[in-house]
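Take a look at the letters that make up each chain.
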Amino acid sequence: MPVPVSVSVSVSVSVSVSVSPSGEFLEGEVLVSSSKRVASVTGVQLPICSTCGVQYGAPRADCPICLDERQYVGWDGQQWTTLAELRAGGRRGRLAEEGPGVIGVGAVPSVAVGQRALLIRSPSGNVLWDCVGYLDDDLAAEIEDLGGISAIAVSHPHFYGVMTEWGRAFDVPVYVHAADRDWVGRPDPVIEYWTGDTHRIAPGMTLINAGTHFAGGTVLHWADDPEKRGALFSGDIFMVVMDRRWVSFMYSIPNFIPERPSTIRRALALVEPFPFERIYGAFWGRVVSADGAAAVQRSAERYLRFVTESGS
């Protein structure tokens, strides 16, 4: 049984905005650091689905997220792991710059789906976008050194990971759209369910219920990015593809089920008022670096042209 340990942070303001690939701090704006204590990771023995990386609050026979047609049960049947097993097997946290004021957060080797989260470094407080199926005390301490976390927001159930553990460790709210409430595997008071089309979680940061992939499928708009051009954090709600000038829209990505045209048109209407140049997708390096809003529009037009074509 691990002994709970807390890391106390006394610095309230630090100067830095991002970390270079070599780990050096880059000069930038003043960031407000968290004044909270980072709690030790405690849920190290709770079950994590090995296929999707989602943690549950108690042992169970199956993973409902993987039984759904948008995901799949591993070919060897339902398998489980824990944070303790992942750590013992050599997993470690990974931090690397993904864009101006944005730090990728993941694990090496990757866990389950392999997505990385993104630490959005804002003067009003850092926000963690999406989550991963890994956390340990060392990774939590490294993130606290970067200013900590003031809130967490998650795009959809496949990226819930160990979000409750993250919320508890940093003592911050975890924002999940209420339409996806039934998919939460480890309910906890740190999870805040929001409703409606949009929800402002911090100055310049707005959650948008695009609704593709899942009914609660969410993207995050950052109006005050360092480039002052706007950025959209899309997970795979709008999936940045290998040709990083484009995105796609899928009901199921691993099973290649296309999204419904009416759902895509609703999503386009919701994001249209929000200008953005960059789009941060779900995986390392999947970033549209310029002309993001136009990329979404032309990608949707191409997609809809293929799925609605009536000719033979």
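Residues numbered from 1 in each chain as written. Predicted model: local features only at pLDDT ≥ 70, side-chain atom pairs only at ≥ 80, totals over all residues. Heavy atoms only, no water.

*Asks:* Please provide a residue-by-residue account of the pairing of strand E22 (residues 278–281), values included.
*Replies:* Here E22 shows a buried face lined by Arg278 and Tyr280 and a second buried face lined by Ile279 and Gly281. Here strand E17 (residues 231–235) runs beside E22; their pairing, made up of four bridges, is parallel. Looking at E22, one finds that leucine 232 is bridged to isoleucine 279. In terms of strand pairing, E22 meets strand E23 (residues 287–288) through two bridges, oriented antiparallel. (Buried < 20%, exposed > 50% of the residue type's maximum accessible area, 1.4 Å probe, protein only. Helix = DSSP H or I, 4+ residues; strand = E, 2+ residues; numbered from the N terminus. Pairing = 2+ DSSP bridges.)

*Asks:* I'd love a proper account of the environment of threonine 218, names of residues and values included.
*Replies:* You can see threonine 218 is positioned in the loop between strand E15 (205–208) and strand E16 (219–222). The buried category is assigned to threonine 218, whose relative accessible area is 1%. In sequence terms threonine 218 and phenylalanine 233 are 15 residues apart; their C-alpha atoms lie 9.0 Å from each other. Side-chain polar atoms of threonine 218 contact the backbone oxygen of glycine 216, separated by 2.8 Å. (Polar contact = N/O pair within 3.5 Å; in protein donor to acceptor, adjacent residues only side chain to side chain.)

*Asks:* Run through the pattern of salt bridges, naming residues and quoting values.
*Replies:* Following the criterion strictly, the structure yields 14 salt bridges and no others. A salt bridge links aspartate 188 to arginine 168; the shortest N-O distance between them is 2.8 Å. Placement of the pair is aspartate 188 in the loop between strand E12 (174–177) and strand E13 (191–194) and arginine 168 in helix H4 (residues 163–170), with a sequence separation of 20 residues. The closest approach of N and O atoms between arginine 260 and glutamate 259, which form a salt bridge, is 3.1 Å. Overall, the relative accessible area of 46% leaves arginine 260 in the partly exposed class. Assessed through its relative accessible area of 2%, glutamate 259 is described here as buried. Here the residues in one salt-bridge network are Glu227, Arg229, Glu277 and Arg278, joined through shared partners. (Salt bridge = Lys/Arg side-chain N within 4 Å of Asp/Glu carboxyl O.)

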